[in-house]
Amino acid sequence: MTSVYAHASVSHLVANAVALALGGLLVERLTTSARFHAFFVSVGALAGVTQVALVGVVGPLVPGMPAQVAVLGASGAILGLYGYLLGANRVTELLVGGIELEPRFQLALGVLLAGLVTVLTANPGAALIAHFTGLLLGFLAGRAHLLAPGENTQGRPPAVE
């Protein structure tokens, strides 16, 4: 979990701080401080563990890919916050919630979205598997309104505005 708070350089820290301020302030308004922090640390840790585990399995099989990797930074957790915003907002509710989609199809949509965003935001040295994992976990948590502290009058958790 401590790797979420560690950064390789001051510029790495500043970039993550700016991204966290943009997405984090929106998600923070939807939930309690304890839920926000638990979500942030959990998603960040899971994203990092996934990066290390998959590179450890796939790395030896792919020429040029390292067999071991270390992960640090909050980008997986931050992308989890952005994924939550994508999954829980009113537009998504209208598009996905208004149509009866099987959970498997919603999962496939989340995987496709996470893959697309990961590819579009890829840069050298980035932990792409961690980014993908964070975004997907956030999207799924957003669809489930995991951070919503209560329900509205229609019996549904509030959506992100």
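Analysis parameters
Residues numbered from 1 in each chain as written. Predicted model: local features only at pLDDT ≥ 70, side-chain atom pairs only at ≥ 80, totals over all residues. Heavy atoms only, no water. Helix = DSSP H or I, 4+ residues; strand = E, 2+ residues; numbered from the N terminus. Contact = heavy atoms within 4.5 Å. Expected span 1.5 Å × (residues − 1). Buried < 20%, exposed > 50% of the residue type's maximum accessible area, 1.4 Å probe, protein only. Arc of directions from axis to C-beta. Axes fitted to C-alpha atoms, helices over the stretch in contact; angles between N-to-C directions. Parallel < 35°, antiparallel > 145°, perpendicular 65-115°, else oblique. Left-handed = near helix turned anticlockwise from the far one by under 90°. Nonpolar A, V, L, I, M, F, W, Y, C, P; charged D, E, K, R; others polar. Phe/Tyr/Trp six-rings, centres within 6.5 Å; stacked < 30°, edge-to-face > 60°. Patch = residues over 30% accessible without salt bridge, like charges linked within 9 Å, V, L, I, M, F, W, Y side chains within 5 Å. Areas by Shrake-Rupley, 256 points an atom, 1.4 Å probe, with all protein chains shown as cover. Salt bridge = Lys/Arg side-chain N within 4 Å of Asp/Glu carboxyl O.

Draft legend 1. Region of interest: the side chain of Ser-75. When you line up the elements, Ser-75 lands in helix α3 (residues 75–88). Setting aside chain neighbours within four positions, we find Ser-75 in contact with Asn-16 and His-131.

Draft legend 2. Local environment of helix α5 (residues 103–120). Taking 1.5 Å of rise per residue, 18 residues should cover 26 Å, and α5 covers 26 Å from first to last C-alpha, within 8% of that figure. Of all the residues in α5, the buried ones are Gln-106, Gly-110, Ala-114 and Thr-118. Projected down its long axis, α5 shows its buried positions confined to an angular sector of 105°, all on one face. Every exposed residue of α5 that faces more than 90 degrees away from the buried side is listed here: Arg-104, Leu-112, Val-119 and Leu-120.

Draft legend 3. Region of interest: the environment of Phe-132. Locating Phe-132 in the fold gives a position in helix α6 (residues 128–143). Sequence spacing of Phe-132 and Thr-50 is 82 residues, and the spatial spacing of their C-alpha atoms is 9.7 Å.

Draft legend 4. Layout of the packing of α5 against α6. At their nearest, the axes of α5 and α6 sit 9 Å apart, and the two run at 140° to each other. Compared by their axis directions, α5 and α6 come out oblique. You can see that α5 and α6 cross each other, and the crossing is right-handed. Of the residues in α6, those touching α5 at Gln-106, Leu-107, Gly-110, Val-111, Leu-113, Ala-114, Gly-115, Val-117 and Thr-118 are Leu-128, His-131, Phe-132, Leu-135, Leu-136, Phe-139, Leu-140 and Arg-143. For the contact of α5 with α6, a count of residues per class yields eleven nonpolar, five polar and one charged.

Draft legend 5. Geometry of the packing of aromatic side chains. Summed over the entire model, instances satisfying the criterion amount to two aromatic pairs. Ring centres of Phe-36 and Phe-40 lie 6.4 Å apart, and the angle between their planes is 10°; on these two criteria the pair is classed as stacked. Taken together, the residues span about one helical turn, with Phe-36 and Phe-40 both in helix α2 (residues 33–58) at a distance of four residues. Residue class for Phe-40 comes out buried when judged on its relative accessible area of 6%. Taking the centre distance of 5.8 Å and the plane angle of 70° together, the rings of Phe-39 and Tyr-84 count as edge-to-face.

Draft legend 6. Molecular detail of a nonpolar patch on the surface. Residues Val-10, Val-14, Val-18 and Leu-22 make up a contiguous nonpolar surface patch of about 380 Å² in total accessible area. In this structure, Leu-22 sits in helix α1 (residues 10–28).

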